[in-house]
Amino acid sequence: MINAIQNYVIKQVSSLSNHLETGISKARMAQLRRGIGKKPGENPEIWGSFLIDLPEQFMSNTIEPSKAEWAIYIALTMYALHQQGHSESVNKQGYEYFLGQAVGKLVKNTDDLERIQKRFSVMALSSNMTELSYYLRCIIRLLSDENICLDYAELAKELFLFQLDNRADGIRLKWGQDFYRRVNHINVEKGKEED
């Protein structure tokens with residue numbers, strides 16, 4: 001299921017990225033942005049932007065969104081927010097673009113470290129997906145302001161796993177490890193320059 005979620009997000013983000021300047025892509029991105037802070041399905045205007053080609057296995061059989069729907073929905077809406085105002089795709093694949101690594105790139109000095117780490121921790125401690133989406137939006141805006149890309153397929157995977165009771169703490173740990181690997185590397189390099 002995880003690989004299928006990642007592949008679906010890659011396909012959707014690639015479709016949006018390959019047509020950034022077209023009216024259809026711009027309209028779809030605007031619709032996705034209007035879904036930020038809402039539950040999947042809450043805004044019928046974006047059903048087509050979110051549910052188009054969504055595999056049946058991801059769809060909920062209840063009136064509540066499935067874990068896969070939540071993960072995909074948040075990844076796509078955040079991508080649309082992040083992409084706004086950028087002519088090149090903000091989606092890049094690879095470890096250096098995983099959430100913790102990307103957020104670590106925001107840290108340039110000790111003042112940044114405390115401020116960014118606090119925001120990142122608040123997001124990681126979210127108790128539900130609506131809350132996580134709210135705090136993640138703040139992080140995505142910071143990444144966008146600094147032209148820092150993110151791996152949205154990996155984000156969708158992590159958001160899916162975050163919802164599993166036995167995996168949430170592991171995802172939080174991964175986010176922290178990736179963040180501090182980046183920050184510690186910066187501090188090591190900074191220390192060398194000072195010697």
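Thresholds applied
- Residues numbered from 1 in each chain as written.
- Predicted model: local features only at pLDDT ≥ 70, side-chain atom pairs only at ≥ 80, totals over all residues.
- Heavy atoms only, no water.
- Salt bridge = Lys/Arg side-chain N within 4 Å of Asp/Glu carboxyl O.
- Helix = DSSP H or I, 4+ residues; strand = E, 2+ residues; numbered from the N terminus.
- Buried < 20%, exposed > 50% of the residue type's maximum accessible area, 1.4 Å probe, protein only.
- Expected span 1.5 Å × (residues − 1).
- Axes fitted to C-alpha atoms, helices over the stretch in contact; angles between N-to-C directions.
- Left-handed = near helix turned anticlockwise from the far one by under 90°.
- Contact = heavy atoms within 4.5 Å.
- Nonpolar A, V, L, I, M, F, W, Y, C, P; charged D, E, K, R; others polar.
- Parallel < 35°, antiparallel > 145°, perpendicular 65-115°, else oblique.
- Core = buried A, V, L, I, M, F, W, Y, C linked by side-chain atoms within 4.5 Å.
- pLDDT = per-residue confidence, 0-100.
- Phe/Tyr/Trp six-rings, centres within 6.5 Å; stacked < 30°, edge-to-face > 60°.
- Arc of directions from axis to C-beta.

Asker: Account for the pattern of salt bridges, with residues named and values stated.
Answerer: Throughout the structure, instances matching the rule amount to 11 salt bridges. Asp178 serves as the salt-bridge partner of Lys174, at 3.1 Å between the closest nitrogen and oxygen. Here Lys174 pairs with Asp178, and both are found in helix 9 (residues 168-194), just four residues apart, close to one helical turn. Residue Asp178 is classed as buried on the basis of its relative accessible area of 2%. Within the structure, one salt-bridge network assembled from shared partners comprises Glu154, Lys157, Glu158, Lys174, Asp178 and Arg181.

Asker: Give me helix 4 (residues 67-83): which residues, what numbers.
Answerer: For an α-helix the count is 3.6 residues per turn, leaving residues at separations of three or four pointing the same way. The end-to-end C-alpha distance of helix 4, which contains 17 residues, comes to 24 Å, matching closely the 24 Å that a straight helix rising 1.5 Å per residue would cover. Burial analysis of helix 4 places 16 of its 17 residues in the buried class, the great majority of the element. Gly85, located one to two residues past helix 4, shows a positive phi value of around 85 degrees.

Asker: Quick rundown of the packing of helix 4 against helix 8 (residues 152-162)? Include the residues and the values.
Answerer: One can describe the packing of helix 4 onto helix 8 by two numbers: an axis separation of 8 Å at closest approach and a directional angle of 145 degrees. Handedness of the crossing formed by helix 4 with helix 8: right-handed. Counting all contacts with helix 4, which are made through Lys67, Ala68, Ala71, Ile74, Ala75, Met78, Tyr79 and His82, the residues of helix 8 involved are Tyr152, Leu155, Ala156, Leu159 and Phe160. Grouping the constituent residues of the contact of helix 4 with helix 8 by class yields 11 nonpolar, one polar and one charged.

Asker: Which residues make up the packing of helix 6 (residues 110-124) against helix 7 (residues 129-145), and what values do they have?
Answerer: In the contact formed by helix 6 and helix 7, the axes pass within 8 Å of each other and the chain directions differ by 150 degrees. By the angle class used here, helix 6 and helix 7 are roughly antiparallel. The handedness of the crossing between helix 6 and helix 7 comes out as left-handed. Here Ile116, Arg119, Phe120, Val122 and Met123 of helix 6 come into contact with helix 7, specifically with Leu132, Tyr135, Leu136, Ile139 and Leu142.

Asker: I'd love a proper account of unusual backbone geometry, names of residues and values included.
Answerer: In this model, Asn147 sits at a positive phi of 55 degrees, which is unusual for a non-glycine residue. Looking at Asn147, the relative accessible area reads 56%, which means it is exposed.

Asker: Describe the nonpolar core, and please don't skip the residues or the numbers.
Answerer: Counting residues in each nonpolar core, the largest one holds 55 residues, and the members touching the most others are Ile72, Leu99, Leu136, Tyr152 and Trp175. In terms of residues, this core owes the most to one element, helix 4, which gives 12 residues. Setting aside residues no more than four positions away along its own chain, Trp175 makes contact with Leu99, Gly100, Phe120, Met123, Ala124, Leu132, Glu158 and Phe162.

Asker: Could you give an account of the confidence of the model for the protein chain, with specific residues and numbers?
Answerer: On average, residues of the protein chain score 89 in pLDDT, and 92% of them are at 70 or above. For the stretch residues 191-195, pLDDT sits under 50, and the model shows zero contacts to residues farther than four places along the chain or on other chains.

Asker: Tell me about the packing of aromatic side chains, and name the residues and values.
Answerer: For the structure on display, the rule yields eight aromatic pairs. Judged by centre distance (5.5 Å) and plane angle (80 degrees), the ring pair of Tyr79 and Tyr152 falls under edge-to-face. With a gap of 73 residues between them, Tyr79 in helix 4 and Tyr152 in helix 8 connect regions that are remote in the sequence. Assigned by exposure class, Tyr79 and Tyr152 land together as buried. A centroid spacing of 5.6 Å and a plane angle of 50 degrees characterise the contact between Phe120 and Phe179, whose relative ring orientation is tilted. You can see Phe120 sitting in helix 6 and its partner Phe179 sitting in helix 9, a full 59 residues away along the chain.

Asker: How would you sum up helix 1 (residues 2-17)? Please name residues and give values.
Answerer: Taking 1.5 Å as the rise per residue, helix 1 with 16 residues should run 22 Å; its terminal C-alpha atoms sit 22 Å apart, in good agreement. Residues of helix 1 that are buried include every one of Ile5, Gln6, Tyr8, Val9, Gln12, Val13, Leu16 and Ser17, and no others. One side of helix 1 holds all its buried residues, which, seen down the axis, span an arc of 160 degrees.

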